[in-house]
Amino acid sequence: MATEERIDPLFRPLTKDVQAVGITRPSLSNWQQVVRKLVKNKLAMLGFFIILFLVVMAIIGPSLVPYSHSDQSLLDRNKELSAEHWFGTDELGRDMFARTWFGARISLTIGVVAALIDLVIGVTVGGIAGYMAGRGKKGDRIDNIIMRIIEILYGLPYLLVVILLMVVMEPGILTIIIALSATGWVGMARLVRGQILQLKNQEFIMAAQVLGAKFSRILLKHLIPNTFGVIIVNLTFTIPSAIFAESFLSFLGLGVQAPDASWGTMTNDAMGVILTGDWWRLFFPGLMISLTMFAFNVFGDGLQDALDPRLRD
Amino acid sequence: MTNYLVKRVLMMLVTLWIIVTLTFSLMHAIPGNPFASESDQLPEQILANLRAKYHLDEPLPVQYLMYLKNLVFLDLGPSIKSDSRSVNDMIADGFGASAWLGGQAISIAVVFGILFGIIAALNRNRTLDYVAMALAVLGVAVPSFIMAPLLINFLAIKFPLFPVATWGTWMHTVLPSLALAFGPIAIITRYMRASMIEVMNQNYIRTAEAKGIPTVLIVIKHGIRNAILPVITFLGPLIASLITGTFVVEKIFAIPGIGKYFVDGIFNRDYPVILGTTIFYSAILIVTIFLIDIAYSLIDPRIRLTKKEG
């Protein structure tokens, strides 16, 4: 009888063909882990699918009905929901379904474009400030000037500035985007500067410098990828706030001009009829604004959690 | 400390000056003038007189300096459309209603936001927490200009508890204040919950629990004071959003506040009114943020204003 038989099986040396147990979790890259965690977050995924749904409907929605957003039919004014008009009609007999999804195009376009402009300006300015800080007298001065400008812009009541710009310029989508981005990049710039400042004193950057890496390599391979998470999370919050600002301006009558529709103008148009009980006039644009805000916010929250290494499992 | 205060006040003045300059140059960058609608009917001489009355015939730099000089004496100039009134009068007129509305809304938001946040944190991952958080998500998602008509629809028309609109008794203030406070309540609840959860896990809370102090006392004496700090930092942006919220809420409820003058000023292209109200709002916002920073250091003695990095 071999001695091995008498040893408790738990303590026997492993034979070659026995697989090691337990710890074989596939090794995942950082982004794979983030995606995995995000997919597990039900609320965030709900937000993601709502966003997807809104985008798809913005693209195909208006062509699902045989009316355009501006077709008037004075015989069908303020009609309730029906097989012909899925979301009812407004006071000029325009189809609310076509208008709602046409409004989605405008609202989403403004939100995304304004957020992207904020991103480009914010990352550039914030990156320069963060990189220049602590690089001799001249660098400090550049950082200082940028920070003073940011501080003052940050102190401005941003919607007031946007409203002023809207009063001055020709009304239209482009104007809204310009007005929103004129002050909107400040938050992103502050964020990126803070991140770069924090990162560039860390050991791995020093190690890269010692190894002789060029500045461009450090920037592209180390600094930017490490700030990426924060930037993306910030983006998921700037898109809804731009959409909100557009609805707000349109609600005040400063945004999109007739016959074009946005959710804000539709809500404003519905104000006149809230007393008569034509609920669908307010309900659909209001629901879309709220759904958009909800979806981007919960998705952003989920993304933030997924990117936080302290919350990794 | 004195040094810091002086620096901050100077910074505030610079910000205000930039706002004035920015709005002034923006306004004059546009073609046309406030009398564009009358210029067909009125003889040239009268138009010239009108321009002279509002000093619009002076070169721009002179107008700018005159405006600044008047501003130093807190004179915001005349309204062009409503002839006999100055912008100061309009602001004085509307301020009562706007301030009452804003003050009431922020009080509701702070009290209920903190209360809901504490309740959610103490019942973490239980029903009450989920209810509070659902409310908070709703508050972030539904803007005030949608909340307001909903409130009118349910609490004034379906169940006529409150008046539909206008201004007068305290009952008139309830719906607009609720519409304004709804978003801020949600934001405060979220922040309060997060920071309360963190505080309640601290060692000094456990010590207090071990000593047998009742939970209510622990929350009041230790919890709130420590958890409230992040909430206070958020009051600045919150007040900014409240101010902009008053534009729509005052418009929807037909409340004679400053927001209404501001919005009307935009549509009438009444430049002195737009400029004056913008400056007024900005000043309020800047001063509030300053006061919040000071309050911050009073509540938490660990924070020294002078060490703060910009």
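Only a predicted model underlies this, so the values are computations on that prediction, with no experimental measurement involved.

1. Observations concerning the UniProt feature "transmembrane region" (unreviewed entry) in chain A
Residues and elements named next belong to chain A. Taking the UniProt record as the reference, the feature "transmembrane region" (unreviewed entry) is found at residues 43-65, 106-133, 145-167, 173-192, 223-245 and 279-300. For residues 43-65, the end-to-end C-alpha separation is 32 Å, with 78% helix and 0% strand making up the annotated structure. Between the C-alpha atoms that bound residues 173-192 there is a distance of 28 Å. The span itself is 100% helix and 0% strand.

2. Here we look at the pattern of salt bridges
Across all of its chains, the model carries 3 salt bridges over all chains by this definition. Here Asp143(A) ties to Arg193(A) by a salt bridge, and the two come within 2.8 Å at their closest N and O atoms. Of the two residues, Asp143(A) is situated in helix α5 (residues 136-155) and Arg193(A) in helix α7 (residues 173-200); the sequence distance between them amounts to 50 residues. Using a relative accessible area of 7% as the deciding quantity, one classes Asp143(A) as buried. A salt bridge links Arg193(B) to Asp129(B), with the nearest nitrogen and oxygen atoms 2.8 Å apart. On the criterion of sequence distance, the pair formed by Arg193(B) in helix α7 (residues 171-200) and Asp129(B) in helix α5 (residues 127-141) is long-range, its members being 64 residues apart. Given the relative accessible area of 18%, Arg193(B) is considered buried.

3. Topic: the UniProt feature "transmembrane region" (unreviewed entry) in chain B
Mapped onto the present numbering, the UniProt feature "transmembrane region" (unreviewed entry) falls on residues 99-122, 134-157, 169-188, 227-249 and 279-299 of chain B. As annotated, residues 279-299 of chain B comprises 100% helix and 0% strand, and the C-alpha atoms at either end are separated by 30 Å.

4. Quick word on the interface of chain B and chain A
On the side of chain A, 35 residues touch chain B, which itself brings 39 residues to the contact. Taking both sides of the interface into account, the surface hidden between chain B and chain A amounts to around 3,400 Å²; carbon and sulfur atoms contribute 81%. In this assembly, chain B and chain A are joined by 1 salt bridge. As a salt-bridge pair, Arg190(B) and Asp301(A) come within 3.0 Å of each other at their nearest N and O atoms. Where chain B touches chain A, the interface holds 1 residue pair in polar contact (both at pLDDT 80 or more). Listing elements by their share of the side of chain B that touches chain A, those giving two or more residues are α1 (2-29), α5, α6 (144-158), α10 (235-252), α11 (258-268) and α12 (271-299) of chain B. Looking at the side of chain B that touches chain A, the element that brings in the most residues is α1(B), giving 9 residues. For the side of chain B that touches chain A, the class distribution of residues is 30 nonpolar, 6 polar and 3 charged.

5. Side note on the nonpolar core
Of all hydrophobic cores here, the largest spans 150 residues; its most connected members are Ile163(A), Phe247(B), Phe253(B) and Phe262(B). Residue contacts for Phe262(B): discarding those within four places in its chain leaves Leu160(A), Ile163(A), Phe247(B), Ile274(B), Thr277(B), Thr278(B) and Tyr281(B). Counting residues in each nonpolar core, the second largest holds 8 residues, with Met147(A), Leu153(A), Val186(A) and Ala189(A) among its members.

6. Quick notes on the packing of helix α10 (residues 263-270) of chain A against helix α11 (residues 279-307) of chain A
Residues and elements named next belong to chain A. At a minimum axis separation of 8 Å, α10 and α11 run at an interaxial angle of 145°. Read as a crossing pair, α10 and α11 show a hand that is left-handed. On the side of α10, the interface is formed by Trp 263, Gly 264, Met 266, Thr 267, Asp 269 and Ala 270, while α11 contributes Arg 281, Leu 282, Pro 285, Met 288, Ile 289 and Thr 292. Here the residues of the contact of α10 with α11 sort into 7 nonpolar, 3 polar and 2 charged.

7. Some thoughts on helix α3 (residues 42-60) of chain A
Residues and elements named next belong to chain A. In this model, α3 (19 residues) spans 27 Å end to end at C-alpha, consistent with the 27 Å of a helix rising 1.5 Å per residue. Turning to α3, its buried residues number three or more, namely Ala 44, Met 45, Gly 47, Ile 50, Ile 51, Leu 54, Met 57 and Ala 58. On its buried face, α3 is in contact with α2 (30-40), α4 (96-132) and α11.

8. As for unusual backbone geometry
Most peptide bonds take the trans configuration, and most residues that are not glycine carry a negative phi. A positive phi angle is found at Ala254(B), which is not glycine, with a value near 50°. Inspection of the secondary structure puts Ala254(B) in the loop between α10 and α11.

9. Some remarks on the packing of α5(B) against α7(B)
Residues and elements named next belong to chain B. Two elements in contact, α5 and α7, have axes whose closest approach is 8 Å; the angle formed by their N-to-C orientations is 135°. Taken as axis vectors, α5 and α7 run oblique relative to one another. For the crossing formed where α5 meets α7, the hand is left-handed. Here Asp 129, Ala 132, Met 133, Leu 135, Ala 136, Leu 138, Gly 139 and Val 140 of α5 come into contact with α7, specifically with Phe 182, Gly 183, Ala 186, Thr 189, Arg 190 and Arg 193. Taken together, the residues that form the contact of α5 with α7 break down as 8 nonpolar, 3 polar and 3 charged.

10. As for the packing of aromatic side chains
Residue and element names in this part refer to chain A. Evaluated as defined, the whole model comprises 11 aromatic pairs over all chains. Ring centres of Phe 53 and Trp 101 lie 6.0 Å apart, and the angle between their planes is 90°; on these two criteria the pair is classed as edge-to-face. One end of the pair, Phe 53, is in helix α3; the other, Trp 101, is in helix α4, and 48 residues separate them in sequence. On the basis of relative accessible area, Trp 101 is assigned to the buried category, the value being 2%. Feature note: the residues Phe 48, Phe 49 and Phe 299 constitute an aromatic cluster, connected by ring pairs.

What counts, and at which threshold
Residues numbered from 1 in each chain as written. Chains lettered and ligands numbered in written order. Predicted model: local features only at pLDDT ≥ 70, side-chain atom pairs only at ≥ 80, totals over all residues. Heavy atoms only, no water. UniProt positions renumbered as here; feature names shortened; annotations may be inferred. Helix = DSSP H or I, 4+ residues; strand = E, 2+ residues; numbered from the N terminus. Salt bridge = Lys/Arg side-chain N within 4 Å of Asp/Glu carboxyl O. Buried < 20%, exposed > 50% of the residue type's maximum accessible area, 1.4 Å probe, protein only. Contact = heavy atoms within 4.5 Å. Buried area = accessible area lost by both parts, 1.4 Å probe. Polar contact = N/O pair within 3.5 Å; in protein donor to acceptor, adjacent residues only side chain to side chain. Nonpolar A, V, L, I, M, F, W, Y, C, P; charged D, E, K, R; others polar. Core = buried A, V, L, I, M, F, W, Y, C linked by side-chain atoms within 4.5 Å. Axes fitted to C-alpha atoms, helices over the stretch in contact; angles between N-to-C directions. Left-handed = near helix turned anticlockwise from the far one by under 90°. Expected span 1.5 Å × (residues − 1). Parallel < 35°, antiparallel > 145°, perpendicular 65-115°, else oblique. Phe/Tyr/Trp six-rings, centres within 6.5 Å; stacked < 30°, edge-to-face > 60°.

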